[in-house]
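# An overview of the molecular structure
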Amino acid sequence: MKKLSICISILILCISSCFRQESKVEKPSILGDSNGHHFWDGELPLNRRVNITTVSSQLQIALVRVRDRIDTNFGKQEWTLVDPSDRNFSHCKDRNEEGSEDTSMQGWTSGIKSANYKYILTILENELRLYGFKTVIDLSDSDAYRANIHDRKNGGYVGIVMNKNNNVLTLRYTTGCRPSSGPEGGNEPSVEGRSSASNGAS
């Protein structure tokens, strides 16, 4: 029952962050425009974006490193709600082109004081920059620190939320609509298997 309550709370926080960002842009909306294009989809034509398999792997590798660096700086955390790496991708449509999309929870912990949010955000920015996620949109309010870090060209963002009252930290990402095959982007560093993303180890 407690886990269900946590999941519901995180879902509410994620939806809230999306609507907060939507209020900062006129179009396209969170529900997509008439062509199914959302504010998190890329500026490049679909077939020129880094493909879904590559970006999903890159983000999981980056967020493994983020969790490891958080553990190193703030003590070993009991990370939960980290989605496995072998999930199926979702079908999507952007500007009348069809592709695939991946949305993933990448960690929940309550062992860090919210005063450390800016330091953790810097860790996140540094690990994501290599893969083109460079644009930071601050969505903080009186209840929580929040930000989405976007890849404007290829699409997608990584979201971070840290509750100011109970110090709960969550990490998640969505890739935006991507081609099922095609451009692979930059070379990703090798790690000991993608399955390590499921338990926060590297």
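Everything discussed here concerns the structure shown above.
Given the structure is predicted, the values throughout are model-derived calculations rather than measurements.

Conventions we followed
- Residues numbered from 1 in each chain as written.
- Predicted model: local features only at pLDDT ≥ 70, side-chain atom pairs only at ≥ 80, totals over all residues.
- Heavy atoms only, no water.
- Helix = DSSP H or I, 4+ residues; strand = E, 2+ residues; numbered from the N terminus.
- Buried < 20%, exposed > 50% of the residue type's maximum accessible area, 1.4 Å probe, protein only.
- Contact = heavy atoms within 4.5 Å.
- Areas by Shrake-Rupley, 256 points an atom, 1.4 Å probe, with all protein chains shown as cover.
- Pairing = 2+ DSSP bridges.
- Axes fitted to C-alpha atoms, helices over the stretch in contact; angles between N-to-C directions.
- Phe/Tyr/Trp six-rings, centres within 6.5 Å; stacked < 30°, edge-to-face > 60°.
- Lys NZ or Arg CZ within 6 Å of the ring centre and 35° of its normal.
- Core = buried A, V, L, I, M, F, W, Y, C linked by side-chain atoms within 4.5 Å.

## Considerations on the overall build of the chain
- Across its full length, the chain holds three helices and eight strands.
- Secondary structure of the chain in N-to-C order comes out as α-α-β-β-β-β-α-β-β-β-β.
- Scored against the burial criterion, the 202 residues of the chain give a buried share of 50%.
- Taking the intrachain contacts of the chain between residues at least 6 apart in sequence as the baseline, contacts between residues at least 24 apart amount to 67%.
- In the form shown here, the chain has an accessible surface area of approximately 10,200 Å², with 50% of it arising from carbon and sulfur atoms.

## Some remarks on the sheet that holds strand 1 (residues 80–82)
- In space, the six strands of this open sheet follow the order 1-4-8-7-6-5, with antiparallel pairing throughout. Lying at the two open borders of the sheet, with one neighbouring strand each, are strand 1 and strand 5 (135–138). Neighbour-to-neighbour, the strand axes of the sheet open up by a mean angle of 15°, direction not taken into account.
- Two elements, strand 4 (residues 103–109) and strand 8 (residues 169–174), share five bridges in a ladder whose sense is antiparallel. From the neighbouring strand, T109 faces strand 8, where its bridge partner is L169.
- Of the strands in this sheet, strand 1, strand 4, strand 7 (157–163) and strand 8 are in contact with helix 2 (residues 52–74), which crosses strand 8 at around 165°.

## Remarks on the environment of S100
- With respect to the helices and strands, S100 occurs in strand 3 (residues 97–101).
- Owing to a relative accessible area of 12%, S100 belongs among the buried residues under this scheme.
- Between the C-alpha atom of S100 and that of S90, which follows or precedes it by ten residues, the distance is 5.4 Å.
- S100 has contacts with I52, F89, S90, C92, G176, C177, R178 and S180, leaving out every residue within four places of it along the chain.

## Regarding the packing of aromatic side chains
- Enumeration according to the criterion identifies five aromatic pairs in this entry.
- Plain terms: the ring middles of F39 and W40 are 5.0 Å apart, the flat faces sit at 85° to each other, and that makes the pair edge-to-face. No difference in accessibility class separates F39 from W40, as the two residues are buried.
- Taking the relative accessible area as the measure of exposure, F39 reaches 9% and is therefore buried.
- Taking the ring centre of Y145 as reference, the NZ or CZ of K164 above it sits at 4.5 Å.

## Some words on the pairing of strand 8
- For strand 8, the tally of buried residues reaches six of six residues, placing the bulk of the element in the interior.
- Burial along strand 8 is two-sided: the residues L169, L171 and Y173 and T170, R172 and T174 are all buried.
- Strand direction decides the pairing type here: strand 7 and strand 8, joined by six bridges, are antiparallel. Across the sheet, the residue bridging to I160 is L171, located in strand 8.
- Two successive antiparallel strands, strand 7 and strand 8, enclose a turn made up of five residues, where N167 displays a positive phi of approximately 60°.

## Things to note about the nonpolar core
- Core analysis: the biggest nonpolar cluster contains 28 residues, and L124, L128, F133, V158, I160 and L169 have the highest contact counts within it.
- Where this core is concerned, the elements lending two or more residues are helix 2, helix 3 (117–129), strand 6 (144–150), strand 7 and strand 8.
- Per-element accounting of this core gives the leading share, eight residues, to helix 2.
- Excluding residues within four positions of it along the chain, F133 makes contact with V55, L59, L128, I149, H150, D151, G155, G156, Y157, V158 and R178.

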